[in-house]
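# Residue-level structure breakdown
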Amino acid sequence: MTRPAAASGAVRQGTLRELNLAVVLGRIAAAPRPPSRADVAAATGLTRATVSAVVDDLIAGRLVAESEPAPRAGAGRPARGLVLAGTGPAGLGLEVNVDYLAACVVDLTGRVRHHTVRRADLRPLSPADALARLAALAAAARADAQRQGLTLAGAALAVPGLVDAAGLVRLAPNLGWRDVAVGDLLAAHPPLVDPVPGIPPLVVDNEANLAALGELHADPTGPASFLHVSGEVGIGAGIVLDGALFRGVRGWSGEIGHLPVDPQGRPCRCGGRGCLERYAGQEAVLAAAGLAGADLPADTAAARLADLAAVGDPAARAALAEAGRALGVAVAAVVNLLDLDTVVLGGGYALLTPWLRPPVLAEVSRRVITAGWSPVTVRPSALGPEAAVVGAAGSVVRRIVADPAGWLGRPG
Ligand SMILES: [Zn+2]
């Protein structure tokens with residue numbers, strides 16, 4: 001079990017064949033419309049004969065398929081386009097959060113083929129018991145994937161906490177987890193995936209990081225640099241700079257929930273005072289809206305607040321205004337430091353963007369010294385509360401596309 005390499009663009013030393021497989025598959029994946037073999041040859045500089053041989057291997061290995069030829073006016077036989085295969089390897093995304101578990105399967109084309117969420121307060125459970133429930137969800141996802149002709153080639157697990165380089169969950173304060181060896185605990189259950197050389201069977205990563213990556217890849221035309229803030233019971237952020245996640249020295253960047261918005265303020269589980277989470281986290285917002293103890297899962301809590309705010313409920317409106325003000329103070333600090341122009345509100349915040357955006361923008365315009373020349377855009381995430389688990393599955397798929405030789409060379 002490993003974490004993703006810091007620089008995902010690193011090219012592994014491989015044979016010429018391995019390199020050609022990756023170049024051709026990468027070209028097919030990136031093309032705006034299904035390319036012909038001749039198009040791939042022209043774009044990569046490889047000979048047509050080489051491209052044809054490589055494409056045949058990719059088709060035989062269920063990584064690429066030929067699309068139906070598009071009707072074409074004029075003479076000549078229309079060429080078939082090459083597309084990523086929808087029945088072949090797929091990625092398993094898993095998520096453990098404070099009040100739900102989730103599993104999803106994403107195929108090579110990026111389509112979500114399976115998605116289940118189980119609501120449960122996981123705080124009373126031991127890590128082993130919580131992960132046993134997750135393993136059952138994963139087994140159901142794997143069986144469903146097999147029924148659809150997909151093979152799970154790797155898994156990535158999103159957790160709301162700090163994960164070290166060996167995949168150990170050092171601290172997940174809202175779950176009460178400390179030094180949890182997730183991989184060892186999951187190893188007591190049936191395997192999550194079919195092992196593929198070169199693809200780690202399980203990567204454990206911070207949920208805010210995976211959500212930001214999910215957002216980055218959900219919209220290839222979107223901004224290359226942005227801050228993605230996931231609002232759940234805890235608040236995490238993923239910092240994307242120039243198309244890559246900024247992880248920090250130990251992979252622990254983005255703990256925006258513990259930026260102080262009032263240094264003398266409310267005590268926090270982390271030991272500090274006045275952390276953002278204590279003003280804009282799900283529990284604080286529910287309490288301010290008069291819904292304390294309602295014990296609603298993240299998306300239900302957000303939906304309930306959105307419904308109340310939409311009909312003008314004064315307590316809900318005031319709670320969201322206060323949460324947005326606190327969020328704006330923290331976001332302004334990040335924007336001042338990193339010079340970003342886009343803030344994406346994800347997790348439970350996605351649904352609440354209409355009410356959070358105005359107070360966030362008010363604080364940003366008051367506190368960001370460059371705001372007068374470079375306005376900051378605040379928008380909801382495209383993937384919403386599913387961003388982390390979909391991003392997790394997508395991270396596996398991108399590994400397969402970047403290095404298809406392992407899949408093609410796997411035993412059986
Ligand atoms: Zn804190």
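All values derive from a computational prediction rather than experimental measurement.

Calculation notes
Residues numbered from 1 in each chain as written. Predicted model: local features only at pLDDT ≥ 70, side-chain atom pairs only at ≥ 80, totals over all residues. Heavy atoms only, no water. Salt bridge = Lys/Arg side-chain N within 4 Å of Asp/Glu carboxyl O. Helix = DSSP H or I, 4+ residues; strand = E, 2+ residues; numbered from the N terminus. Buried < 20%, exposed > 50% of the residue type's maximum accessible area, 1.4 Å probe, protein only. Pairing = 2+ DSSP bridges. Axes fitted to C-alpha atoms, helices over the stretch in contact; angles between N-to-C directions. Donors = N, O, S within 2.8 Å, 3.2 Å for Na, K, Ca; no water. Tetrahedral: all angles 85-135°; square planar, octahedral: opposite > 155°, others 65-115°. Expected span 1.5 Å × (residues − 1). Arc of directions from axis to C-beta. Contact = heavy atoms within 4.5 Å. Parallel < 35°, antiparallel > 145°, perpendicular 65-115°, else oblique. Nonpolar A, V, L, I, M, F, W, Y, C, P; charged D, E, K, R; others polar. Domains from an automatic or database assignment. Buried area = accessible area lost by both parts, 1.4 Å probe.

### Some words on the pattern of salt bridges
Counting across every chain of the model gives 16 salt bridges. With its nearest N and O atoms 2.8 Å apart, the salt bridge here joins R123 to E283. Here R123 is found in the loop between β5 (112-119) and α4 (127-147), whereas its partner E283 is found in helix α8 (residues 282-288), with 160 residues between them in sequence. Taking relative accessible area as the criterion, R123 reaches 30% and is therefore assigned partly exposed. The exposure class of E283 is partly exposed, given its relative accessible area of 31%.

### Some thoughts on the sheet that holds strand β11 (residues 226-231)
The strand order across the open sheet formed by five strands is β13-β12-β11-β14-β15, and the pairing between neighbours is mixed. If you trace the sheet from one side to the other, it starts and ends with β13 (244-246) and β15 (377-380), each paired once. Strand after strand, the sheet turns through a mean of 30 degrees between neighbouring axes, direction not considered. Here strand β12 (residues 235-241) runs beside β13; their pairing, made up of three bridges, is antiparallel. Looking across to β13, one finds that I239 is bridged to F246.

### Focus: the coordination of the zinc ion
For the zinc ion, every protein donor is listed as H258 (ND1), C268 (SG), C270 (SG) and C275 (SG), and the spread of their distances is 2.0 to 2.3 Å. Given four donor atoms and angles of 106 to 118 degrees at the metal, the environment of the zinc ion is assigned as tetrahedral. Donor residues for the zinc ion, ordered by position in the chain, follow H-x9-C-x1-C-x4-C. One end of the pair, H258, is in the loop between β13 and α7 (277-280); the other, C268, is in the loop between β13 and α7, and ten residues separate them in sequence.

### Notes on the pairing of strand β9 (residues 177-180)
In this sheet, β9 lies alongside strand β8 (residues 169-172) in antiparallel orientation, the contact comprising three bridges. For L171, the partnering residue across the bridge sits in β9 and is R178. From the end of β8 to the start of β9, which pair antiparallel, there are four residues, and G176 there has a positive phi angle of about 75 degrees.

### Observations regarding helix α3 (residues 48-60)
Residues separated by three or four positions in an α-helix point in the same direction, a consequence of the helix having 3.6 residues per turn. Helix length check: α3, at 13 residues, gives a terminal C-alpha distance of 18 Å against a target of 18 Å (1.5 Å per residue), a fit within 8%. Every buried residue of α3 is accounted for by V51, V54, V55 and L58. The buried residues of α3 occupy an angular sector of 105 degrees when the element is viewed end-on, so they sit on one face. When the buried face of α3 is taken as reference, the exposed residues oriented beyond 90 degrees from it are A49 and A60. In this structure, the buried residues of α3 make contact with α1 (16-30), α2 (37-44), β1 (64-66), β2 (82-84) and α13 (405-408). R62 sits one or two residues past α3 and shows a positive phi near 60 degrees.

### As for the pairing of β11
The buried count for β11 comes to six of six residues, which makes it a mostly enclosed element. Two strands pair when backbone bridges link them, and β11 and β12 are joined in this way by six bridges, in the antiparallel orientation. Bridge pairing in β12 places V229 opposite A237. Connecting β11 to the next strand, β12, in antiparallel fashion are three residues. Bridge count between β11 and strand β14 (residues 342-347): five bridges; the pairing is parallel. Counted as the bridge partner of V229 is L345 from β14.

### Re the packing of α1 against α3
The N-to-C vectors of α1 and α3 enclose an angle of 85 degrees; their axes lie 10 Å apart at closest approach. Here α1 is positioned roughly perpendicular relative to α3, judged by the angle of their axes. The segment α1 lies against α3, with R17, N20, L21, V24 and L25 engaging T50, V54, V55, D57 and L58. When grouped by side-chain class, the residues that make up the contact of α1 with α3 number six nonpolar, two polar and two charged.

### Looking at the domain arrangement of the protein
Taken domain by domain, the protein consists of domain 1 (2-68), domain 2 (89-210 + 388-408) and domain 3 (220-381). With 17 residues of domain 2 at the contact, the number on the domain 3 side is 22 residues. Overall, the association of domain 2 and domain 3 removes approximately 1,500 Å² of surface from exposure, summing both partners, and the carbon and sulfur fraction of that is 44%. Of all residues in domain 2, R119, N174 and N209 give up the largest surface area on contact with domain 3, accounting jointly for 33% of the area buried on that side. Linking domain 2 with domain 3 are two salt bridges.

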